[in-house]
Amino acid sequence: NKQVILKDYVSGFPKETDMQVTTGTIKLKVPEGSTGVLVKNLYLSCDPYLIILMKKAQTSRYFISLTPGSSITGLGVAKVLDSGHSEFKKGDLVWGTTGWEEYSLIKTPDSLFKIHHTDVPLSYYTGILGMPGLTAYAGFYEICTPKKGEYVFISAASGAVGQLVGQFAKLMGCYVVGSAGTKEKVDLLKNKFGFDEAFNYKEEHDLDAALKRYFPEGIDIYFENVGGKMLDAVLLNMRLHGRIAVCGMISQYNLDQPEGVTNLLNIVYKCVRIEGFRVFDYYPKYSKFLDFILPHIREGEIKYVEDIAEGLESGPAALVGLFRGQNVGKQVVVVAKE
Ligand code: NDP
């Protein structure tokens, strides 16, 4: 059973060599009396939070740390090979928490979702039809409380979550601008995802001036994925009663000392509401979300871009690549194609 294990705790920026591909053994059968399921892993999801789990002094107490020597645990799409659980049977396709390995024995499968719609690519359940999709949906519709015609700004806009938030905002009739780290991503935002405008934040030495250029009247909604300097510049450009949905702050995850944000008083001046959210609190709404998103995908109204890395061996580089902006769209690792 080929596995990706955590070699040692990640300190500072993650490196490929923090992880290692090894081979272990696994019985391809659920042990007698167990209520677990044995799965063959098909697609693994590269998510920024995984690196937080790999740090010794975690910045969040909401996750359970990974321990060096054990295989990485993350979200993925898998096929059930054997089951001791009444809700799952051999042949079922599922998505949820699994291991970065060829086969996994999932001892408590309660958090697995059964996949019922297979007319869309299975890998989509790591992204648009999985956790990142629900994140975009809950974050935009519930936390941002959007209204038609509002001015919306999204950072890390071409990524798994950002590309969807931008398209939801367009469906709502908002004016939408995204920032991303390369020209290719900026083109994607404008030409594929239908953003009104997009810019490369790495080419802007003055983020405040860049935001004033795209939002002369200010920002009603900021969907925050990056934190740091971008958040500081956004605070200077919020409109009265603006909302900031804090989804994540990827620029801060690997810093020993988080960057200071200096423009917080604008929260008072502009009566801004800043609200964080955790996608797992919205899992009970998953089936409602699927009913919403599937027709949009089938009718081609929502576009979706994935970045596919082939084979478990490519997992460490793909995961670390998120922090260098190497992924164009949702980063997926293919372990097997059924
Ligand atoms: P993405 O697919 O957007 O990949 C990460 C992207 O972040 C990179 O491609 C890169 O894009 C950008 N990035 C990396 N480092 C930096 C940096 N130092 N400064 C600015 N941008 C950077 O990831 P996801 O869509 O999966 O996640 C987006 C955010 O949402 C993350 O902050 C994540 O932690 C958060 N999240 C939160 C959840 C919740 O429950 N609240 C659930 C899921 C995700 P670029 O080239 O544009 O810089």
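Structure first, text after, so check above.
Residues numbered from 1 in each chain as written. Predicted model: local features only at pLDDT ≥ 70, side-chain atom pairs only at ≥ 80, totals over all residues. Heavy atoms only, no water.

Caption draft 1: Inspection of the overall build of the chain at higher detail. The helix and strand inventory of the chain stands at nine helices and 15 strands. Taking 338 residues into account, the globule formula puts the C-alpha radius of gyration at 20 Å, and the chain, at 20 Å, falls close to it. C-alpha extents for the chain along the principal axes are approximately 65 × 45 × 35 Å. Burial analysis of the chain (338 residues in total) assigns 56% to the buried set. The contacts of the chain with a sequence gap of at least 6 include a subset with a gap of at least 24, amounting to 68%. Carbon together with sulfur atoms contributes 53% to the accessible area of the chain, which is approximately 15100 Å² in total. When the 37 positive and 38 negative side-chain charges of the chain are each reduced to one mean point, those points stand 1 Å apart. (Helix = DSSP H or I, 4+ residues; strand = E, 2+ residues; numbered from the N terminus. Rg over C-alpha atoms; globule rule 2.2 N^0.38 Å. Buried < 20%, exposed > 50% of the residue type's maximum accessible area, 1.4 Å probe, protein only. Contact = heavy atoms within 4.5 Å. Areas by Shrake-Rupley, 256 points an atom, 1.4 Å probe, with all protein chains shown as cover. Lys, Arg positive; Asp, Glu negative; His and termini not counted. Charge placed at Lys NZ, Arg CZ, Asp CG, Glu CD.)

Caption draft 2: Quick look at the sheet that holds strand β9 (residues 175–180). A sheet is described by the order of its strands in space; here six strands give the open sequence β10-β9-β8-β11-β12-β13, paired in parallel fashion. Since the sheet does not close on itself, it has two edges, and those belong to β10 (197–200) and β13 (273–276), each with one partner. For this sheet, the mean angle separating the axes of adjacent strands, direction not counted, is 15°. Of the strand pairs in this sheet, strand β8 (residues 151–154) and β9 are connected by four bridges, and their pairing is parallel. Bridge pairing in β9 links tyrosine 151 to tyrosine 175. (Pairing = 2+ DSSP bridges. Axes fitted to C-alpha atoms, helices over the stretch in contact; angles between N-to-C directions.)

Caption draft 3: Quick peek at the site of the ligand. Taken together, 26 residues lie near the ligand, and Lys185, Tyr201, Tyr253, Val279 and Asn327 sit nearest. Within the side chain of tyrosine 201, an N or O atom sits 2.5 Å from an oxygen atom of the ligand. In this structure, asparagine 327 approaches the ligand through a side-chain N or O atom, which is 2.5 Å from an oxygen atom. Protein chains shield 89% of the accessible area of the ligand, which is 920 Å² for the free molecule. By residue class, the composition of the shell around the ligand is 16 nonpolar, eight polar and two charged. (Near = heavy atom within 4 Å. Polar contact = N/O pair within 3.5 Å; in protein donor to acceptor, adjacent residues only side chain to side chain. Nonpolar A, V, L, I, M, F, W, Y, C, P; charged D, E, K, R; others polar.)

Caption draft 4: Region of the structure containing the side chain of glutamine 3. Tracing the sequence through the fold places glutamine 3 in strand β1 (residues 2–6). In terms of polar contacts, glutamine 3 uses its side chain to reach the side chain of glutamate 101, at 2.7 Å. Apart from the residues within four sequence positions on either side, glutamine 3 is in contact with Gln20, Val21, Thr22, Gly24, Ser71, Trp100, Glu101 and Leu312.

Caption draft 5: Geometry of the pattern of salt bridges. Overall, the coordinates contain 19 salt bridges when judged by the stated rule. Salt-bridge contacts for lysine 330 lead to aspartate 47; the nearest nitrogen and oxygen are separated by 3.2 Å. Taken together, the residues span a long stretch of sequence, with lysine 330 in strand β15 (residues 330–334) and aspartate 47 in the loop between β3 (37–45) and α1 (49–53) at a distance of 283 residues. Residues lysine 89 and aspartate 92 are paired through a salt bridge, measuring 3.2 Å at the closest nitrogen-oxygen approach. For aspartate 92, a relative accessible area of 9% puts it in the buried group. One network of salt bridges, with partners in common, ties together Lys89, Asp92 and Lys114. (Salt bridge = Lys/Arg side-chain N within 4 Å of Asp/Glu carboxyl O.)

Caption draft 6: Just the packing of aromatic side chains, in detail. Summed over all chains, the structure comprises 22 aromatic pairs. Ring centres 4.6 Å apart and planes at 15° place the aromatic pair tryptophan 95 and phenylalanine 113 in the stacked group. Of this pair, tryptophan 95 sits in strand β5 (residues 93–99) while phenylalanine 113 is found in strand β7 (residues 113–114), placing the two residues 18 residues apart along the sequence. Phenylalanine 113 matches tryptophan 95 in its accessibility class, with the two residues each being buried. The class of tryptophan 95 is buried, set by a relative accessible area of 2%. Counting every residue linked through ring pairs, the aromatic cluster contains Trp95, Phe113, Tyr137, Phe140, Tyr141, Phe168, Tyr283, Tyr286, Phe289 and Phe292. (Phe/Tyr/Trp six-rings, centres within 6.5 Å; stacked < 30°, edge-to-face > 60°.)

Caption draft 7: Representation of helix α5 (residues 207–214) within the structure. Taken as a whole, α5 has its buried residues at Leu207, Ala210, Leu211 and Tyr214. Considered in projection along α5, the buried side chains sweep an arc of 95° and stay on one side of the axis. Next to the buried residues of α5 lie β8, β9, β10, β11 (219–224) and α6 (229–235). Residue aspartate 206 occupies the N-cap position of α5, its side-chain oxygen lying 3.1 Å from the main-chain nitrogen of aspartate 208. (Arc of directions from axis to C-beta.)

Caption draft 8: The environment of leucine 188, seen in detail. Along the polypeptide, leucine 188 turns up in helix α4 (residues 183–191). Counting along the chain gives 38 residues from leucine 188 to valine 226, while the straight-line C-alpha distance between them is 19 Å. Contact partners of leucine 188, with chain neighbours within four places excluded, come to Phe193, Val305 and Val328.

Caption draft 9: Representation of helix α8 (residues 286–298) in the model. Along its 13 residues, α8 runs 18 Å from first to last C-alpha, staying within 8% of the 18 Å computed at 1.5 Å per residue. Burial in α8 covers these residues: Tyr286, Phe289, Leu290, Ile293, Leu294, His296 and Ile297. Packed against the buried residues of α8 are β5, β7, α2 (131–143) and α3 (162–171). Directly beyond the C-terminal end of α8, a positive phi value near 75° is found at glycine 300. (Expected span 1.5 Å × (residues − 1).)

Remember that the coordinates give geometry; whether it matters functionally is a separate question.
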